[in-house]
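Architecture at a glance
What follows is each chain in one-letter form.
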Amino acid sequence: MTLITIPREILLKPLQAVSGIIERRHTLAILSNVLIAREAAALRFLATDVEIEISASITAEPTSDERTVTVGARKLLDILRALPDKAEISLVAQEKRLIVKSGKSRYTLQTLPTEDFPRMAAPESGSVSLSIPQALLKSLFLQVAYAMAQQDIRYYLNGLLLMVDNGVLRVVATDGHRLALAEREVAPKDIGKQEVILPRKTVLELARLLDDSDDPVAIELTGNQARFSFGSTVLVSKLIDGKFPDYNRVIPKNHPKNLVLNRLLLLHALQRAAILTNDKFRGVRWILGENTLRISSNNTEQEEAQEELDIAYTGEALDIGFNVSYLLDVLNNLETDEVECALGDGNSSALFTLKDRADFKYVVMPMRI
Amino acid sequence: MMADTPMLRSIEGYSIGMSSLPRPRRILHLDMDAFFASVELLRRPQLRGQPVVIGGRVDPREDPRTRGVVSTATYEARAFGVRSGMSLREALRRCPHVHFLPVDFSAYTPVSAQFKQIMRDYSPLLEDRGIDEAYLDITSHPLPSLALARALKQAILDRTGLTCSIGIAPNKLLAKISSELDKPDGITLLDAGDVPLRIWPMPVRTLPGVGPKTDQVLRAHAISTVADLAAVPLGQLSAMLGTAHAAWLHAAAHGEDDRPLATAREPRSRSTERTFAEDVSEKREVARRLGVLCVDLAAELTAEGLVGRTVGIKLRFSNFVTQTRDMTFSGWTADPRALRRAAFDCLQRIDMNRSVRLVGVRVSDLRRSSASDSGEDIHPGLDFGP
């Protein structure tokens, strides 16, 4: 039975969308497969890594003959990619085989039983649903995703806190040394309250899949999973079960030393100084004086970097160290011309915010250099 | 490298450059004879000369369902074909009048410390290889090897009442192989020149690094003795086994091993495992048992002041196939919740298509726990409160 005949580009799009989560080396053979379902008027691709399930579809000629197969995702993708542009592709399902035909090319792939393909359990009830522009969700994720921990022992940090509260959608990520928070009012205040921890991989995958348009993404949060629907794509993710730390507690209030910094000048100075930091700790020193910020670093070979920025500052002097990566991360992921920085003493955290805006906060602990 | 040595030696009658060559090492490997069993016989002299098996917790005649295995068998029991690792039931089948004794580590540990202390009297350079064996570097000892081995064996016999087997050779590899050559109560001296005659006829399995899988690969290439292995060019061997493994086996087949003694051995890993009384087929139950092991292991690590970074699990299925999975954290921990979480993640990555007879957990990449380990003193963390 021919599942579909369609130009290569159109077929590739949903397949590429779902196959990003497929682990290259998985012990369960079926998890390297993609499920292809010929539905009444669509061809749907579905992939899973047991934690995340993504499906994406394209419309197809109406049929009454519905059929489902699973086939190695990597191989199918490689074949489609390698076929010429604008080629017309046919997918033909046979008993235990999937045939990919295009012009004089013909590829026969083995299939695995659809019944063995693991599907995500149904969501728990009691959900909060909202719909926002894709570009907004993507931007919120990108403002904080770099601060997520990776393989941290505190497993609840290896992800992102996503909460809806009083009509505000808030995302928070921290690796224990720095914390990023971004929020936006997106819905009426009475929409309900829910907070979930999305796994790191889910966040990175969504940031990859969402586009910069105002097209909506529907978000549905329940006690055990989160569902994101946009275009023809549906991503369902399990959640990290745990308690996210109290982020409010670490956001400093009333730091006395306040600076306004040109984001790009600061970023470029730090990128240069980073070259001569110690590989392991990557420390840079900030020496704050009257109307100047001096930035310096040195490495184990006693090589030194010095930078000086003119700033408007007349407060107390300060000498404080930072891990330069943590500063580069935040400056790289913002888009504004200026950033504000509030400092306490040499041992207290620094707070980065945006001018006249309360919807972004970045807190970073200093280093003892 | 030592590759120059044979060439220099071949210039007969001259000692050109010989004084600049490193003196060949003298490495002694000592292996206690049927250690657990021998210690038990000291306490129960009436069993001397009889087949005795140490292992498990109960006599299989009292509980035929016991799944314990043989830890050690006396040489009398070995004569009936009883071997370490065999099930107690099988031992009973092969030797119906065998005596069973449970493993009692509290009796063996002091004796283990005692014989190693005696070894240290001969040289401070000791590598502890476990409860019943150790390497000793005796390069600098004034006594000739044979005299030293005799003196050491006598001292151990006098003070512990136990016999051991000793091998002395220029490296750990040959020393270990030679201590096996004349067991029990033997002494074997081997030098590099003895390799073709003494080592080459042995099956490749004799070499450390040749387990069942490697053996199978080698057999497929008609390599069954060490001599066969020594004849294979390194390039060919690398194609069969990978570069690192091939390099080791190639050197080993030629009796070469330049590994130093690990004299101050830091623990590399801690592990614990449990064989179930009955095979478990439900994943949830396997997970529960793993969780219990993690809590035990966390307590053990904490008591020793250790933290680890890599957590691995092992499942042995009803068909005796063993699968392992591991994962590595970004930092070090001995937190039971973290270990359990990691073990569960590993379990997710195993296809449980059969019931399980044994589960194990291992924590490796260990280090001493202290504040500086985490880098906290240089880079304090955010204070999220309790």
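**Quick word on the overall build of chain A**
Scanning chain A from N- to C-terminus turns up six helices and 24 strands. Within the span of chain A, comprising 369 residues, buried residues form 53% of the whole. Within the structure as shown, chain A displays about 17,300 Å² of accessible surface, and the carbon and sulfur contribution to it stands at 46%.

**As for the state of the cysteines**
Evaluated as defined, the whole model comprises zero disulfides over all chains. Note on Cys294 of chain B: no disulfide assigned, nearest cysteine sulfur contributed by Cys346 of chain B at a separation of 9.1 Å.

**Quick notes on the sheet that holds strand β1 (residues 27-32) of chain B**
Paired through backbone hydrogen bonds, the strands of a sheet run either parallel or antiparallel to each other. Residues and elements named next belong to chain B. Across the sheet, five strands lie side by side as β5-β6-β1-β7-β8; this open sheet has mixed pairing. Only two strands of the sheet have a single neighbouring strand rather than two, namely β5 (126-128) and β8 (187-189). Mean inter-strand twist for the sheet, computed between neighbouring axes without regard to direction, equals 15°. Judged from the three bridges that link them, β5 and strand β6 (residues 133-137) form a sheet pairing that is antiparallel.

**Things to note about the pattern of salt bridges**
Residue and element names in this part refer to chain B. Counted according to the given criterion, the structure contains 43 salt bridges over all chains. In this structure, Arg61 and Asp59 form a salt bridge, with 3.5 Å as the shortest nitrogen-oxygen distance. Owing to a relative accessible area of 16%, Asp59 belongs among the buried residues under this scheme. In this structure, Asp335 and Arg337 form a salt bridge, with 3.5 Å as the shortest nitrogen-oxygen distance.

**Re the interface of chain B and chain A**
Taken together, the contacts link 24 residues of chain B with 26 residues of chain A. With both sides pooled, the region where chain B packs onto chain A buries about 2,200 Å², and carbon together with sulfur makes up 63% of that total. In terms of surface lost to chain A, no three residues of chain B exceed His379, Leu382 and Phe384 of chain B, which account for 35% of the buried area on that side. Counting across the interface, chain B meets chain A through one salt bridge.

**Quick look at the side chain of Glu133 of chain B**
Residues and elements named next belong to chain B. The topology assignment puts Glu133 in strand β6. Within polar-contact distance, the side chain of Glu133 engages the side chain of His29 at 2.7 Å. In this structure the side chain of Glu133 is engaged in a polar contact, spanning 2.9 Å, whose partner is the side chain of Lys176. In this structure Glu133 touches His29, Leu30, Asp31, Phe115, Lys116, Asp128 and Lys176, once residues within four positions along its chain are discounted.

**Focus on the environment of Glu301 of chain A**
All names here are of chain A. Looking at where Glu301 falls in the secondary structure, it is placed in the loop between β19 (292-298) and β20 (304-310). Sequence separation between Glu301 and Leu276 is 25 residues; the distance between their C-alpha atoms is 9.1 Å. A polar contact of 3.2 Å, which involves the side chain of Glu301, links it to the side chain of Thr300.

**Details of helix α6 (residues 324-332) of chain A**
Residues separated by three or four positions in an α-helix point in the same direction, a consequence of the helix having 3.6 residues per turn. Of all nine residues making up α6 of chain A, seven are buried, and the element is well covered by its neighbours. If you check the start of α6 of chain A, you find a side-chain oxygen 2.8 Å away from the backbone N of Ser325 of chain A, and it comes from Asn323 of chain A.

**Some details on the confidence of the model for chain B**
Residues and elements named next belong to chain B. Residues of chain B with pLDDT of at least 70 account for 91%, and the chain-wide mean is 86. Per-residue pLDDT, averaged within each element of chain B, yields its smallest value for helix α1 (residues 5-10) (36) and its largest for strand β7 (residues 164-169) (97). Reported confidences for the modelled complex are a pTM of 0.64 and an ipTM of 0.79.

Conventions used here
- Residues numbered from 1 in each chain as written.
- Chains lettered and ligands numbered in written order.
- Predicted model: local features only at pLDDT ≥ 70, side-chain atom pairs only at ≥ 80, totals over all residues.
- Heavy atoms only, no water.
- Helix = DSSP H or I, 4+ residues; strand = E, 2+ residues; numbered from the N terminus.
- Buried < 20%, exposed > 50% of the residue type's maximum accessible area, 1.4 Å probe, protein only.
- Areas by Shrake-Rupley, 256 points an atom, 1.4 Å probe, with all protein chains shown as cover.
- Disulfide = S-S within 2.5 Å.
- Pairing = 2+ DSSP bridges.
- Axes fitted to C-alpha atoms, helices over the stretch in contact; angles between N-to-C directions.
- Salt bridge = Lys/Arg side-chain N within 4 Å of Asp/Glu carboxyl O.
- Contact = heavy atoms within 4.5 Å.
- Buried area = accessible area lost by both parts, 1.4 Å probe.
- Polar contact = N/O pair within 3.5 Å; in protein donor to acceptor, adjacent residues only side chain to side chain.
- pLDDT = per-residue confidence, 0-100.

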